[in-house]
Amino acid sequence: MKVTILGNYPPHAYKGLIQGSDREAAIKALFESVGGKVSGMMFTRGAYDIVVNAEVPDQADGMDLALAVRAAAG
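I will try to describe carefully the structure that is included in this document. (Residues numbered from 1 in each chain as written. Predicted model: local features only at pLDDT ≥ 70, side-chain atom pairs only at ≥ 80, totals over all residues. Heavy atoms only, no water.)

## A word on the side chain of aspartate 61
Now for step 1: Residue placement: aspartate 61 occurs in helix H3 (residues 59–73).
Now for step 2: Relative accessible area serves as the criterion here: at 18%, aspartate 61 is assigned to the buried category.
Now for step 3: With sequence-adjacent residues up to four places away left out, aspartate 61 is seen in contact with Val34 and Val56. (Helix = DSSP H or I, 4+ residues; strand = E, 2+ residues; numbered from the N terminus. Buried < 20%, exposed > 50% of the residue type's maximum accessible area, 1.4 Å probe, protein only. Contact = heavy atoms within 4.5 Å.)

See below:
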């Protein structure tokens, strides 16, 4: 199942990003832990800070990962 997840960073998370926090590796590891695969990630400006395109085994995993990505963004 293909999913697109949109997320925002809260203001306190920017410090970690500036200091070199590897959010991309963390998000990829989350997906791989349930048998999913990230096909693309974009850090954006505007309504959302991050867009993740991926494949997951099923809808339940997709919903769980959407919550985890949002938590990882913060």
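## Some words on the pattern of salt bridges
Now for step 1: Scanning the entire structure with this criterion turns up one salt bridge.
Now for step 2: A salt bridge links lysine 28 to glutamate 24, with the nearest nitrogen and oxygen atoms 3.3 Å apart. Of this pair, lysine 28 and glutamate 24 both sit in helix H2 (residues 23–32), four residues apart, which is roughly one turn of that helix.
Now for step 3: The exposure class of glutamate 24 is partly exposed, given its relative accessible area of 32%. (Salt bridge = Lys/Arg side-chain N within 4 Å of Asp/Glu carboxyl O.)

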